[in-house]
Each structure stands twice: as structure tokens, then as C-alpha cells.
Amino acid sequence: QVQLVESGGGPVQAGGSLRLSCAASSVIFKINAMGWYRQAPGKQRELVATITSGGSTNYVDSVKGRFTVSRDNAKNTVLLQMNSLKPEDTAVYYCNANLKRYSWSPWTDYWGKGTLVTVSS
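Read on for a plain summary of the structure. (Residues numbered from 1 in each chain as written. Predicted model: local features only at pLDDT ≥ 70, side-chain atom pairs only at ≥ 80, totals over all residues. Heavy atoms only, no water.)

What follows covers the state of the cysteines. For the coordinates displayed, the defined rule picks out one disulfide. Bridging C22 to C95, the disulfide has an S-S length of 2.0 Å. Between C22 and C95, the S-S dihedral sits near -80 degrees, and the bridge is therefore left-handed. One end of the pair, C22, is in strand β3 (residues 18-24); the other, C95, is in strand β9 (residues 91-100), with 73 residues separating them in the sequence. (Disulfide = S-S within 2.5 Å. Helix = DSSP H or I, 4+ residues; strand = E, 2+ residues; numbered from the N terminus.)

Attention now moves to the nonpolar core. Counting 31 residues, the largest nonpolar core has W36, L80, M82 and Y93 as the members making the most contacts within it. Every element with two or more residues in this core is listed here: β3, β4 (30-39), β5 (46-51), β7 (67-72), β8 (77-82), β9 and β11 (115-120). It is β9 that contributes the most residues to this core, five residues altogether. Excluding residues that lie within four positions of it along the chain, Y93 makes contacts with E6, L20, W36, Y37, R38, V48, F67, L80, M82, G114, T115 and V117. (Core = buried A, V, L, I, M, F, W, Y, C linked by side-chain atoms within 4.5 Å. Buried < 20%, exposed > 50% of the residue type's maximum accessible area, 1.4 Å probe, protein only. Contact = heavy atoms within 4.5 Å.)

Structurally, L47 is set in strand β5. Ignoring sequence-local partners within four residues, the contact set of L47 consists of W36, Y37, N58 and V60.

Topologically, T77 is positioned in strand β8. Residue contacts for T77: discarding those within four places in its chain leaves C22, A23, M34, S70, R71 and D72.

Time to look at the sheet that holds β8. Taking strand neighbours across the sheet as the criterion, the four strands line up as β1-β3-β8-β7 in an open arrangement whose pairing is antiparallel. The sheet is open, and its two borders are formed by β1 (4-7) and β7, each paired with just one other strand. Recorded for the sheet is a direction-independent mean angle of 15 degrees between the axes of neighbouring strands. (Pairing = 2+ DSSP bridges. Axes fitted to C-alpha atoms, helices over the stretch in contact; angles between N-to-C directions.)

Our focus in this paragraph is the pairing of β3. The alternating pattern of β3 places L18, L20, C22 and A24 on a buried face, while none of R19, S21 and A23, on the opposite face, is buried. Sheet analysis places β1 next to β3, joined by four bridges and oriented antiparallel. When the sheet's bridge partners are listed, E6 is paired in β3 with C22.

Enumeration over the complete set of coordinates arrives at two aromatic pairs. Aromatic side chains Y37 and W111 sit 5.0 Å apart centroid to centroid with 65 degrees between the ring planes, which places their arrangement in the edge-to-face category. Note that Y37 is positioned in strand β4 and W111 in strand β10 (residues 108-111), a separation of 74 residues in sequence. With a centroid separation of 4.9 Å and 5 degrees between ring planes, the pair formed by Y102 and W104 is classed as stacked. Assessed through its relative accessible area of 38%, Y102 is described here as partly exposed. The ring of Y94 has R45 sitting right over it, with the charged end atom 3.8 Å from the ring centre. Between the NZ or CZ atom of R45 and the centre of the ring of W111, over which it lies, the distance is 4.8 Å. (Phe/Tyr/Trp six-rings, centres within 6.5 Å; stacked < 30°, edge-to-face > 60°. Lys NZ or Arg CZ within 6 Å of the ring centre and 35° of its normal.)

Printed below as a string of C-alpha cells:
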């Protein structure tokens, strides 16, 4: 079973930085896009940033210029560097990967369990 294991969340003051990390826990045939989503209290889950296997990135407008997504294809990991954090960035952040477990497997989305980021003013 593929598991995505996140780390790096926690409390931080506004203006501070955090780096989130997510690693796939098993051998995987191929990963397409990886990324981060977040869900704030009382709100729907939203895309934060994604990165393709070729390195193309996409960000929600509210984090452009502050967050940077990157990945290590050899280690099946995706990182999210978050700078200049704001209280409105407070949310549970979820890792996502679209991947094939084996060569014969369908492309499937997997999710991590989430890591809480709390930004205080």
C-alpha cells in the first residue's frame, strides 16, 4: 500500500517560514504530478501548489512569490517552502501524488494524512 508521509508543520509567527516535506513510503513505478493542498477551518480543500515530473509548477494566486514547491524524483519526495507566512495560511496541508504503483496499475491519486500549519499574528 502506498503511503504519503508528511512532516514539517507546526506553529509559526506571521512573517516566518516553514518547510513541508512529503515522501512516498514504498517503491513506485512512476509518479506524475505531486503537490500540496490545504483546508482551513470551515473551508473547502484548495490547491496550493503542484509540480509535474518535468518540473512545471502551478500555484494558487494567494501564495505566489511566497511559497516554492520542488521535488526529488529519485526519492519520490515533494517539498513546500513557505516564506512570509500569514495568519490566513493557517490550515491542514495535505500532500497529493498521482502515480502508478506498478507498471500495470492505473493512474491513481494518493493523499497524505495532513500536517497542521498554524500562523499567529
